[in-house]
Amino acid sequence: MRILDRLPLVGTRDRSFAAIDARRANLGILVAFLAPALLVYAGFTIYPVIRTFYNAFHTIKPQGVVEFVGLANFQTLLLADSTFWKAVANTAWFAIVATIVDVIGGLLLALCLFARAPLAPLLRVVWFTPVLMSYVVVGIIWVWMYDYDWGLANTVLRWLGLAAFEQSWLGQPSTALWSVLVAHEWKWLGFNMIVFLAALHALPGEVLGAAELDNCGWFAKLVYIIVPMLRTTILNLLVLSFIGKMMVFDLIWVMTGGGPLWATETVSTYVYKRAFEWNTFDLGYPSAIAVLWFVIILLFVAIMSRLLRQRDKLEF
Amino acid sequence: MRASLSIRGAAAAGLVTLAVLFGAAPQANAEDVTIEVWSHEADEPAKVAFRELAVKSFEKSHPGTKVKITWYEKNPLGAALKTALPAGKGPDVFYVEPDQTEYITAGYIVPLDDLVNWNNIEPWARKVWTHNGKTYGIPQEAYTVELYYNKDMLKKLGIALPANAQFTQAQFLDLVKKARAAGMTPVSQGVGDRPYPGAYITVEALLRKLGPDDYQKLFTGKLSFADPRVVEVLKWVKELADAGAYPKNFMTLKLGESHYYFYSKPGALMLPMGSFYTGRAFVPEDKGGQPQTFPLGIMQFPAMDRGACNECKTSTIGASFAINAASKQKKLAGEFLDAMSTPEMGKMWIETVYLQTGIKADVKNFSGPYAAYFTELMERQKGEKYFIGQPRDMVTGECKDSFAQVLNSGFPGGLLSVDQTVQMMNKACFKG
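From a predicted model like this one, the values you see are computed outputs, not experimental measurements. (Residues numbered from 1 in each chain as written. Chains lettered and ligands numbered in written order. Predicted model: local features only at pLDDT ≥ 70, side-chain atom pairs only at ≥ 80, totals over all residues.)

1. Observations concerning the overall build of chain B
Step number 1: Counting secondary structure elements, chain B contains 17 helices and 13 strands.
Step number 2: If you line up chain B on its principal axes, its C-alpha atoms span 95 × 50 × 45 Å.
Step number 3: Across the 432 residues of chain B, 47% fall into the buried class.
Step number 4: Partitioning the contacts of chain B with sequence separation of at least 6, the portion at a separation of at least 24 is 78%. (Helix = DSSP H or I, 4+ residues; strand = E, 2+ residues; numbered from the N terminus. Buried ≥ 20, exposed ≤ 12 C-beta atoms within 10 Å, placed from the backbone. Contact = placed C-beta atoms within 7 Å.)

2. Considerations on the overall build of chain A
Step number 1: Within chain A, the regular secondary structure consists of 14 helices and two strands.
Step number 2: In chain A, which comprises 316 residues, the share counted as buried stands at 31%.
Step number 3: Across chain A, contacts joining residues at least 24 apart in sequence account for 67% of those joining residues at least 6 apart.

3. Thoughts on the interface of chain B and chain A
Step number 1: Opposite the 32 residues of chain B that make contact, chain A presents 30 residues.
Step number 2: Only α1 (2–22), α3 (74–84), α4 (102–105) and α16 (397–410) of chain B provide two or more residues apiece to the side of chain B that touches chain A.
Step number 3: Per-class residue counts for the side of chain B that touches chain A are eleven nonpolar, 16 polar and five charged. (Nonpolar A, V, L, I, M, F, W, Y, C, P; charged D, E, K, R; others polar.)

4. Some points on the domain arrangement of chain A
All names here are of chain A.
Step number 1: In terms of domain boundaries, chain A breaks down into domain 1 (3–56) and domain 2 (80–308).
Step number 2: Taking the mean C-alpha position of each, domain 1 and domain 2 sit 37 Å from one another.
Step number 3: On the side of domain 2, six residues touch domain 1, which itself brings four residues to the contact. (Domains from an automatic or database assignment.)

5. Comments concerning helix α14 (residues 284–308) of chain A
Residue and element names in this part refer to chain A.
Step number 1: A rise of 1.5 Å per residue sets the reference length of α14, with its 25 residues, at 36 Å; its end C-alpha atoms lie 36 Å apart and thus fit the reference within 8%.
Step number 2: All of the buried residues in α14 are Gly 284, Tyr 285, Pro 286, Ser 287, Ala 288, Ile 289, Ala 290, Val 291 and Trp 293.
Step number 3: Those residues of α14 that are buried lie in contact with α2 (27–56), β1 (58–60), α3 (72–80), α4 (82–114) and α13 (267–276). (Expected span 1.5 Å × (residues − 1).)

6. Topic: the domain arrangement of chain B
All names here are of chain B.
Step number 1: You can read the domains of chain B as domain 1 (33–141 + 318–363) and domain 2 (144–315 + 377–429).
Step number 2: The C-alpha-based centres of domain 1 and domain 2 are spaced at 29 Å.
Step number 3: Residue-level contacts link 15 residues of domain 1 with 13 residues of domain 2.
Step number 4: Of all the secondary-structure elements, those providing two or more residues to the side of domain 1 that touches domain 2 are α2 (45–61) and α5 (123–128).
Step number 5: In terms of residues, the side of domain 1 that touches domain 2 owes the most to one element, α2, which gives three residues.
Step number 6: A per-class count over the side of domain 1 that touches domain 2 returns eight nonpolar, two polar and five charged.

7. Structural notes on the confidence of the model for chain B
Detailed reading of predicted coordinates is not advised where the pLDDT is low.
Residue and element names in this part refer to chain B.
Step number 1: Averaged over every residue, the pLDDT of chain B is 90; residues scoring 70 or more account for 92%.
Step number 2: At the low end of the mean pLDDT range in chain B sits α1, at 53; at the high end sits helix α9 (residues 228–242), at 98.
Step number 3: pLDDT under 50 marks residues 24–30. Its contacts with residues more than four places away, or in other chains, come to zero contacts.
Step number 4: Across the predicted assembly, pTM comes out at 0.83 and ipTM at 0.80. (pLDDT = per-residue confidence, 0-100.)

8. Re the pairing of strand β1 (residues 33–39) of chain B
Note on strand geometry: in a regular strand, side chains alternate between the two faces of the sheet.
All names here are of chain B.
Step number 1: Summarising the sheet, β1 and strand β2 (residues 65–71) pair through seven bridges and their orientation is parallel. Residue pairing in the sheet places Val 33 in a bridge with Thr 65 of β2.
Step number 2: Both β1 and strand β3 (residues 93–96) contribute to a ladder of two bridges, which runs parallel. In the sheet register, Val 37 faces β3, and the bridge partner there is Val 93. (Pairing = 2+ DSSP bridges.)

9. Quick word on the packing of α2(B) against helix α13 (residues 343–353) of chain B
Residue and element names in this part refer to chain B.
Step number 1: Where α2 meets α13, the axes come as close as 10 Å, and the angle between the chain directions of the two elements is 160°. Taken as axis vectors, α2 and α13 run roughly antiparallel relative to one another. You can see that α2 and α13 cross each other, and the crossing is right-handed. Counted together, Ala 46, Lys 47, Ala 49, Phe 50 and Ala 54 of α2 and Met 345, Met 348, Trp 349, Thr 352 and Val 353 of α13 form the full contact between these two elements.
Step number 2: When its residues are assigned to classes, the contact of α2 with α13 shows eight nonpolar, one polar and one charged. (Axes fitted to C-alpha atoms, helices over the stretch in contact; angles between N-to-C directions. Parallel < 35°, antiparallel > 145°, perpendicular 65-115°, else oblique. Left-handed = near helix turned anticlockwise from the far one by under 90°.)

10. Re α2(A)
Residue and element names in this part refer to chain A.
Step number 1: For α2, which comprises 30 residues, the first-to-last C-alpha distance of 37 Å sits more than 12% below the rise-based estimate of 44 Å (1.5 Å per residue).
Step number 2: Remark: the principal bend of α2, roughly 45°, maps to Ala 35, with a proline, Pro 36, within the next four residues.
Step number 3: For α2, the tally of buried residues reaches only three of 30 residues, placing the bulk of the element at the surface.
Step number 4: For α2, the set of buried residues is Ala 32, Asn 55 and Ala 56. (Bend = angle between axes of the 7 residues up to and from the residue.)

11. Side note on the packing of α2(A) against α14(A)
All names here are of chain A.
Step number 1: Direction vectors running N to C along α2 and α14 enclose 115°, while the axes themselves pass 7 Å from each other. α14 is crossed by α2, and the crossing has left-handed handedness. Seen from α2, the contacting residues are Thr 52, Phe 53, Asn 55 and Ala 56; seen from α14, they are Gly 284, Ser 287, Ala 288, Ala 290 and Val 291.
Step number 2: Within the contact of α2 with α14, the residues separate by chemical class into five nonpolar, four polar and no charged.

12. Concerning the nonpolar core
Step number 1: The biggest cluster of nonpolar side chains holds 153 residues, and the ones touching the most others in it are Met255(A), Val93(B), Phe94(B), Leu206(B) and Phe336(B).
Step number 2: With ten residues, helix α8 (residues 200–219) of chain B is the largest single contributor of residues to this core.
Step number 3: Beyond its immediate sequence surroundings of up to four residues, Val93(B) is in contact with Ile35(B), Val37(B), Phe321(B), Ile323(B), Ala333(B), Phe336(B) and Leu337(B).
Step number 4: Counting residues in each nonpolar core, the second largest holds 17 residues, with Val103(A), Leu109(A), Met193(A) and Leu197(A) among its members. (Core = buried A, V, L, I, M, F, W, Y, C linked by C-beta atoms within 7 Å.)

13. Some details on the sheet that holds β3(B)
Sheet strands associate in pairs through backbone hydrogen bonding, adopting either a parallel or an antiparallel arrangement.
Residues and elements named next belong to chain B.
Step number 1: Strands sit in the order β2-β1-β3-β12-β6 across an open sheet of five strands; the sheet is mixed. Strands at the two margins of the open sheet, each flanked by one partner only, are β2 and β6 (138–139).
Step number 2: Here β3 runs beside strand β12 (residues 320–323); their pairing, made up of four bridges, is antiparallel. Its bridge partner being in β12, Val 93 is matched across the sheet by Ile 323.

14. Quick word on the confidence of the model for chain A
Step number 1: Residues of chain A with pLDDT of at least 70 account for 89%, and the chain-wide mean is 88.
Step number 2: Long-range and interchain partners of residues 14–18 of chain A, a stretch whose pLDDT sits below 50, account for seven contacts in this model, where long-range means more than four residues apart.

15. Re unusual backbone geometry
Step number 1: The peptide bond linking Gly259(A) to Pro260(A) adopts the cis configuration, its omega dihedral lying at -5°.
Step number 2: Pro266(B) follows Lys265(B) through a cis peptide bond whose omega is -10°.
Step number 3: Here Pro266(B) lies in the loop between α10 (255–263) and β9 (268–274).
Step number 4: Although it is not a glycine, Asn132(B) adopts a positive phi angle of roughly 50°.
Step number 5: The residue Asn132(B) is located in the loop between β4 (130–131) and β5 (134–135) in this model.
Step number 6: A positive phi angle, close to 55°, is found at Arg306(B), a residue other than glycine.
Step number 7: Within the secondary structure, Arg306(B) is located in the loop between β10 (296–299) and β11 (312–317).
Step number 8: On the basis of neighbour count, Arg306(B) is assigned to the exposed category, with 10 C-beta atoms found within 10 Å.

16. Things to note about the environment of Ala288(A)
Residues and elements named next belong to chain A.
Step number 1: The topology assignment puts Ala 288 in helix α14.
Step number 2: The buried category is assigned to Ala 288, around which 29 C-beta atoms lie within 10 Å.
Step number 3: In this structure the C-alpha to C-alpha distance between Ala 288 and Thr 76, which are 212 residues apart in sequence, comes to 9.9 Å.
Step number 4: Leave out the neighbours within four places in its chain, and Ala 288 touches Ala 56, Asn 73, Phe 74 and Leu 77.

Laid out in structure tokens, this is it:
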């Protein structure tokens, strides 16, 4: 009997064209082939999450002794940890501003390319290339660019006769966070640009054509046709961007380490310091910070999704 | 039929999965033993060469034993240990520093009293690692905190070093102002990647002003930062900072870069640094070392007005090694530590790393290209009274974080007033 004779048929009586229906594949085989990935996922994602929740309600004392402390870690965190609140404020500012700049900036760049600006193919490469670099490389590059003496930022200012605006960009609490934000946008705008560009190319051409026939200007076309049709993409990017910024760590760590004077301390860098730099092996408190932040991010995402969801079906 | 085929298929896939996940166990000779060592200081060639020589000599004297050193930068080493040790894993031997007492309190390193030959170690160095009557680390590197300077630049300013190599407070402030006016950077220092160098001038001044007992009380939370003597010192340091003592890129300049800034580009008058300065400076110029003709000098930190101990100096233990409590080869690991700590190795450390050591080494005459440096370094130790330990060995938790952000970075960086500094340090450190 041929193998083909044993395969379940899908939509045809002709066994020579029989297709394999994955939905009817045997459970045992499915489990066996999913098992490696599931094991890795369980070991490196599910277990650490569960363990972090567990640690948040305990204190790990010397000699590996674990003591249940209930909500004590959360109490200290919320009522007596001023550094945590500074980190929350910094992270919130960073997340909100960077998300808005990410999405609006990415859309503008994509529109520029969609409108076939001069040198569009070159610009696409130039704008997307930083996305391919790691945060560590980006951080190092921008630390050099911001160096007071030989960095590009101050050199350009001096060249333009604006030496009075020279700054220690990463050394002043008032400029450090925004300087890191600029570096972040330099790296990340290209990603949103590509996503928006793909979405723009997927828009129905007849709708845009009809708008042009009706003498719709570019701004009106953007506001009344393109943006509403890109709503799903915008919402998805807003949510993804926001989640990413709320967990920002590597760029801050490389560029400022959370300084100066906690001006760039984020929740993630604070968790890392509490876990690895505070002369203690107690992971209870940093786990409590991580759990609380996880809950806060979930709440924000739920609120954002609810506020920005599409109420009326788009008709065209 | 179909059921049995699917069972056999599932079993085959499961076997393949297990094989892929766990792999075949490597074939090993039953007699081969490997001691795993995790070490910092990969970027200091002299120390790398020293430890690798110890490895070769140990392997020769212990046939069938291999020593494998994995090199890390300091912060990643700490993070790797903090994840490996609680899991009962990690290397047999690892690099530690005396401020890392959490390994002792958590029980992750074993007492070395019976595992190591202490006759080769200086008693004062052993004391740094002794807690509750037991010694947990073997000290390798010892260093003093020095104030290096460029002799030619000082000459250019028309200022002569006093006979005792120690300026007064006022003279030092004047030196900083004159250097800045002459277009020199007075003090090369950067806090871009370390939580302590920015505080060198402040804490050395506090040591000389307060004397060792009150200095210890200050950093163990028993003396307030609002103490008038402390405030006086902070005001003086503020004057230095406001006079432009530090470079403009102080906040982002890394420790290694500050060395280069001092002796190469753009050059600076002074560099407060531990005497581990040599690890980066005394390497070939094309590898970032100081030029052969660099006019290096060493002066004392300035004497404080009405200072309780102007002859005081910070000395401490730096690089040390400990044995993992989970190691299955503690005795062998102890023998490796002994191999790194013989008098011959101590002599080699001094003559190649150009740094003091906790190992007993009788080196009366120095030879080699940097002999003059070491002679001057020893000269600067004469008559000095040592305070063993640095503030970061004494502070923990929130106080340690504040030390890094405030005394190390914000205050010398000109971001904080004296009152703000006192307030923030007291909040984090003073126990009342």
